[in-house]
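Overview (structure and organization)
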Amino acid sequence: AGIFVSPQGVLKYSSQNIPVSLSIWAAAALLKMMNSLCIAELATTFPVSAAPYYCLKRSLGSSVAFLNVWIGMFGYYLGLSTQSLLIANCLIQPFYSGCPAPELPKKCLALAVLWSLGILNARGVTTVSWFNTISSFMKMAVLFFISLTGIVLLVIGKRENVSRFENALGAEFPDASQIAEAILQGSFAYSGSSLLFTIADSVAGTWMDRVFPSMQWIISFAVSISMLNSTACGILSASRFFYSASQEGQLPFIFSMLNNYHCPVVAVTKIIIFSSIAVIPSRLVNLIKYLMLSTLVLSELNMIALLKLRHQEPHLHRPY
């Protein structure tokens, strides 16, 4: 769902330089692909809930795993609350054309979204999977439609559509800090995580408002559904993360209790309550930005743990 938000940030921190912007997308994709391949190896080598946590504990020790639990805990709370606010903003904003939506209805809708997805998760993995399949199809349809209209406008060749590409190599070159910021922005779209969106207006909504103003409602609804997909996945992964930490004795044992749908419903309830509390403050963006940096450090720790295990246990069964 980050693809609906991140492009604006990447272009902004690239100083509107098209070649630099496209290069940053490629670099972010390469970094995320490397990380995803490492996670795939960890998940198939250790077919347990929260495989990266389990691998960290086994490879780098209990202290690193415990640090991972606490950083991940606050990251999940703040990330889910921010994403629910973003969904609410996307749904409400069409009612307030030309001005920002008021905070109270936005936060009330965000709370309704959080609790609805919490109830959905309590119904088990199969229910969440069906919901994500439907919303993924909707997300891909929106992306296809936006991409197709963009190509058509470029082919038509109106001056305002191609002006950004003229003299692109002569554009201002961003400094090192801007490039780092742009890579972070691009990484959000590739990560598939629900931790962070740093810019709270949707690129898709802005695009449709300019190209097909009468269809902005449809796009806003479809984008919101696709973000619900990511939020539901975030709750699912967070609950299994706490479930695994509870089984390892690093969180209270109650978080590993399962209901009839094999869902750690106590962990889900805790996640929803604390994420709801985090919805109340309005300026969460900066806090989450720094938490994302910490999360990226933990992603690198997963890679280090994987390499250490290859040396430490070379004969370990690795299906992938």
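Residues numbered from 1 in each chain as written. Predicted model: local features only at pLDDT ≥ 70, side-chain atom pairs only at ≥ 80, totals over all residues. Heavy atoms only, no water.

The name an unreviewed UniProt entry gives the chain is Amino acid transporter, with Myodes glareolus as the organism. In its Subcellular location (unreviewed entry) section, the UniProt entry covering the chain states "Membrane". (UniProt positions renumbered as here; feature names shortened; annotations may be inferred.)

Before going further, it helps to examine the overall build of the chain. Along the chain, the regular secondary structure elements total 12 helices and 0 strands. Every one of the 320 residues in the chain was classed for burial, and the buried ones make up 45%. For the chain, the proportion of contacts with a sequence separation of at least 24, taken over those separated by at least 6, is 77%. A total of about 16200 Å² of accessible surface is found on the chain, and carbon and sulfur atoms cover 69% of it. (Helix = DSSP H or I, 4+ residues; strand = E, 2+ residues; numbered from the N terminus. Buried < 20%, exposed > 50% of the residue type's maximum accessible area, 1.4 Å probe, protein only. Contact = heavy atoms within 4.5 Å. Areas by Shrake-Rupley, 256 points an atom, 1.4 Å probe, with all protein chains shown as cover.)

Within this structure, the stated rule accounts for 1 cavity of 30 Å³ or more. Listing elements by their share of the lining of the largest cavity, those giving two or more residues are α2 (18-45) and α12 (285-312). Residue contributions to the lining of the largest cavity peak at 3 residues, all from α2. The class makeup of the residues in the lining of the largest cavity is 5 nonpolar, 1 polar and 2 charged. (1 Å grid on protein atoms, 1.4 Å probe; cavity = no way out; pocket = protein on both sides within 12 Å on 5 of 7 lines; lining within 4 Å. Points joined across faces, edges and corners; volume = space filled by probe spheres on them. Nonpolar A, V, L, I, M, F, W, Y, C, P; charged D, E, K, R; others polar.)

A cluster of nonpolar side chains, namely Trp115, Ile273, Phe274 and Ile277, defines an oily patch on the protein surface of about 380 Å² accessible area. Top element by residues in the nonpolar patch is helix α11 (residues 265-279). It accounts for 3 residues. Locating Ile273 in the fold gives a position in helix α11. (Patch = residues over 30% accessible without salt bridge, like charges linked within 9 Å, V, L, I, M, F, W, Y side chains within 5 Å. Salt bridge = Lys/Arg side-chain N within 4 Å of Asp/Glu carboxyl O.)

Scanning the entire structure with this criterion turns up 8 aromatic pairs. On the numbers, 6.3 Å between centres and 55° between planes, the contact of Tyr77 with Phe242 is tilted. Of this pair, Tyr77 sits in helix α4 (residues 62-92) while Phe242 sits in helix α10 (residues 216-247), and the two are 165 residues apart along the sequence. Each member of the pair, Tyr77 as well as Phe242, is classed as buried. Taken together through their ring pairs, the aromatic side chains of Tyr53, Tyr76, Tyr77, Phe241, Phe242 and Phe274 make up a single cluster. Lys270 extends its terminal NZ or CZ atom over the ring of Phe242, reaching a point 4.9 Å from the ring centre. Here the basic side chain of Lys270 rests over the ring of Phe274, its NZ or CZ set 6.0 Å away from the ring centre. (Phe/Tyr/Trp six-rings, centres within 6.5 Å; stacked < 30°, edge-to-face > 60°. Lys NZ or Arg CZ within 6 Å of the ring centre and 35° of its normal.)

A separate point is the confidence of the model for the chain. Looking at the chain, the pLDDT average stands at 78 and 80% of residues meet or exceed 70. Across residues 193-200, where pLDDT falls below 50, the model places 32 contacts with residues more than four positions away in sequence or in other chains. (pLDDT = per-residue confidence, 0-100.)

Within this numbering scheme, the UniProt entry marks residues 74-96, 108-131, 137-156, 217-238 and 258-280 as carrying the feature "transmembrane region" (unreviewed entry). Helix and strand shares over residues 258-280 are 65% and 0% respectively, and the end C-alpha atoms of the span are 29 Å apart.

Core analysis: the largest hydrophobic core is formed by 41 residues, its most contacted members being Tyr53, Val69, Leu117, Phe241, Phe242 and Leu251. For this core, the secondary structure elements donating two or more residues are α4, α5 (103-122), α6 (125-156), α10 and α11. With 12 residues, the top contributor of residues to this core is α10. Counting residues in each nonpolar core, the second largest holds 9 residues, with Phe46, Met303, Leu306 and Leu309 among its members. (Core = buried A, V, L, I, M, F, W, Y, C linked by side-chain atoms within 4.5 Å.)

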